[in-house]
Amino acid sequence: MQRPKTSYKNFPMVPRVVYGRGSFGQLADILLPKRRNAEAPFIFLVDDFFEGSALEQRIPWLFNDQIIFISADEEPKTQQVDALVKKIKNDFEEMPSGIVGIGGGTLLDLAKAVAIMMNNPGPSSNYQGWDLVKKPALYHVGIPTISGTGAEVSRTTVLLGPEKKLGINSDYTTYDQVVLDSDLLSTVPKEQWFYTGMDCFIHCIESLNGTYLNAFSQSYGEKALSLCKEVFLGDLPQKESEDKLMMASWHGGMSIAYSQVGIAHAMSYGLSYLLGTKHGIGNCLVFQHLDRYYPKGVELFNKMKEKHGIQLPKNVCAGLTSSDLELMAQISLSMEPLWENALGRDWKKHIDMDGLLSIYQKI
């Protein structure tokens, strides 16, 4: 008897993860078996916030390893990925043993993208989309120093390209190894902590209220949401808060493996593409106006914002032309899986260009 065909996707997960305060100190031991020889370096892509810091001194570089400090002030770009790949290939005759990303979502996404493009012909913009990567990425390790994006566990690396902001979504994007050391979170400024944490919170709201929801996504999303409530509405000691937000980020990232995000993410992509708005704050700027779609989520968001004294920027879109606003709306509407998750297969009946423009005009 022939079995009926199914359409379930066989998604990858991070195969190895080490968790615990001080676990960054194990990085040398983790990398050693992956070193092919002295001429095949590890490339460390590190947030330039840590240049000259105690963390820099702890990076276990050997032989001709290279540390490249990168600013996280702007969203990662396909052009930046291509330039890094070209530099690494020019600097070394032999293919590196691997790529290590140390930082927040920007650095983690850059490291994933560089690892992919080391083994696939460029430009990286050719791979923005779903399942376009043909060859496995170079071995890559992710070490988050801020929690919320879920970039450490997701199968996408979101990049600003010449025509769109879109992830390289593939089975080869996921990290081979992640190190979760919540000691690394102690230097995060308060507003950045809030905005990045809200990325996780909004992941949960969009996943749990989406049409793609299933028991797999729901189990991770509910746990992440519960942890976010403890962190942002409770009164936890700092270390406990750091530990729980790190795990909320992990669970929030996992919640969209078999699901998707929704309206806030789709619209924040438009803001990022045109204005360079950072992802976390972009989500917050949009989400505050989505009470029609996520009423309970927006209510919780407002309570969290008030508790922590966060004032969102105003008049962000005030100086934009009608063509600017339309471009952002077009970028947003191109994210079809996100809209389908949020509003169903007939999502085009529920949202249009005018609807998006009215929301952008409030920001």
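As the structure is a computational prediction, the values presented were derived from the model and not from experiment.

The rules behind these values
Residues numbered from 1 in each chain as written. Predicted model: local features only at pLDDT ≥ 70, side-chain atom pairs only at ≥ 80, totals over all residues. Heavy atoms only, no water. Helix = DSSP H or I, 4+ residues; strand = E, 2+ residues; numbered from the N terminus. Rg over C-alpha atoms; globule rule 2.2 N^0.38 Å. Buried < 20%, exposed > 50% of the residue type's maximum accessible area, 1.4 Å probe, protein only. Contact = heavy atoms within 4.5 Å. Areas by Shrake-Rupley, 256 points an atom, 1.4 Å probe, with all protein chains shown as cover. Lys, Arg positive; Asp, Glu negative; His and termini not counted. Charge placed at Lys NZ, Arg CZ, Asp CG, Glu CD. Polar contact = N/O pair within 3.5 Å; in protein donor to acceptor, adjacent residues only side chain to side chain. Core = buried A, V, L, I, M, F, W, Y, C linked by side-chain atoms within 4.5 Å. Phe/Tyr/Trp six-rings, centres within 6.5 Å; stacked < 30°, edge-to-face > 60°. Expected span 1.5 Å × (residues − 1). Axes fitted to C-alpha atoms, helices over the stretch in contact; angles between N-to-C directions. Parallel < 35°, antiparallel > 145°, perpendicular 65-115°, else oblique. Left-handed = near helix turned anticlockwise from the far one by under 90°. Nonpolar A, V, L, I, M, F, W, Y, C, P; charged D, E, K, R; others polar. Pairing = 2+ DSSP bridges.

Draft legend 1. Seen up close, the overall build of the protein chain. Helix and strand counts for the protein chain come out as 13 helices and nine strands. Scaling as 2.2 N^0.38, a compact globule of 363 residues should have a C-alpha radius of gyration of about 21 Å, and the protein chain matches this with 20 Å. Each principal axis of the C-alpha distribution contributes one length, and for the protein chain these read about 60 × 60 × 50 Å. When the 363 residues of the protein chain are sorted by exposure, 55% land in the buried category. At a minimum sequence separation of 6, the contacts of the protein chain that also span at least 24 residues come to 77%. Total accessible area computed for the protein chain in this model is approximately 16,200 Å², and 49% of it derives from carbon and sulfur atoms. Charge separation in the protein chain, taken as the distance between the mean sites of 35 positive and 41 negative side-chain charges, equals 6 Å.

Draft legend 2. Expanded view of the environment of I143. Of note, I143 is situated in strand 6 (residues 140-144). Separated by 18 residues in sequence, I143 and S125 place their C-alpha atoms 25 Å apart. Excluding its chain neighbours within four sequence positions, the residues that come into contact with I143 are F24, L27, V100, G101, I102, G103, L108, V179 and L184.

Draft legend 3. Representation of the side chain of T173 in the model. When you line up the elements, T173 lands in the loop between strand 8 (165-169) and strand 9 (177-180). Exposure remark for T173: the relative accessible area of 0% places this residue in the buried category. At 3.5 Å, the side chain of T173 forms a polar contact with the backbone oxygen of R155. If we ignore the near neighbours within four places in the chain, the residues touching T173 are K112, I116, H140, R155, T156, T157 and I168.

Draft legend 4. Representation of the nonpolar core within the structure. If you look at the biggest cluster of nonpolar residues, it comprises 60 residues, and the most contacted ones within it are F201, I263, F287, L290 and W339. Top contributing element to this core by residue count: helix 5 (residues 190-208), with nine residues. Residue contacts for W339: discarding those within four places in its chain leaves I263, A266, M267, S332, L333, G344, W347, I351 and L356. Judged by nonpolar contacts, the second largest core, of 37 residues, contains Y127, A137, L138 and A151.

Draft legend 5. Representation of the packing of aromatic side chains. Summed over the entire model, instances satisfying the criterion amount to 13 aromatic pairs. Between F42 and Y139 the ring centres are 6.2 Å apart and the planes differ by 75 degrees, which places this aromatic pair in the edge-to-face class. Linking F42 in strand 2 (residues 42-47) with Y139 in the loop between strand 5 (129-130) and strand 6, this pair joins segments that are 97 residues apart in sequence. Side by side, F42 and Y139 carry an identical accessibility label, which is buried. Three or more aromatic residues link up through ring pairs in this structure, and these residues are W193, F194, Y195, F201, F232, F287, Y294 and F301.

Draft legend 6. Spotlight on helix 4 (residues 105-118). Its 14 residues give helix 4 an end-to-end C-alpha distance of 20 Å, which sits within 8% of 20 Å, the value for a rise of 1.5 Å per residue. The element helix 4 is extensively covered by neighbouring structure, given that 14 of its 14 residues are classed as buried.

Draft legend 7. Structural view of the packing of helix 8 (residues 263-275) against helix 11 (residues 322-333). One way to put it is that helix 8 packs onto helix 11 with a least axis distance of 7 Å and a crossing angle of 130 degrees. When the axis of helix 8 is compared with that of helix 11, the two are oblique. Remark: the crossing between helix 8 and helix 11 carries right-handed chirality. Residue-level inspection shows A266, M267, Y269, G270, L271, Y273 and L274 of helix 8 in contact with helix 11, the latter providing D324, L327, M328, I331 and S332. When its residues are assigned to classes, the contact of helix 8 with helix 11 shows nine nonpolar, two polar and one charged.

Draft legend 8. Inspection of the pairing of strand 2 at higher detail. Counting buried positions along strand 2 yields six of six residues, so the element is predominantly enclosed. Alternating residues of strand 2 divide into F42, F44 and V46 and I43, L45 and D47, and every residue in both groups is buried. Both strand 2 and strand 4 (residues 98-103) contribute to a ladder of five bridges, which runs parallel. Residue L45 lies in a different strand from strand 4, and its bridge partner there is G101.

Draft legend 9. Representation of the packing of helix 3 (residues 78-91) against helix 4 within the structure. Axis separation between helix 3 and helix 4 bottoms out at 9 Å; the angle between their running directions is 55 degrees. The orientation of helix 3 with respect to helix 4, classified from their angle, is oblique. In this structure, helix 3 crosses over helix 4, and the sense of that crossing is right-handed. In this structure, helix 3 uses Q80, V81, L84, V85, I88 and K89 to contact helix 4, whose residues at the interface are L110, A113, V114, M117 and M118. Its residues assigned to classes, the contact of helix 3 with helix 4 shows nine nonpolar, one polar and one charged.

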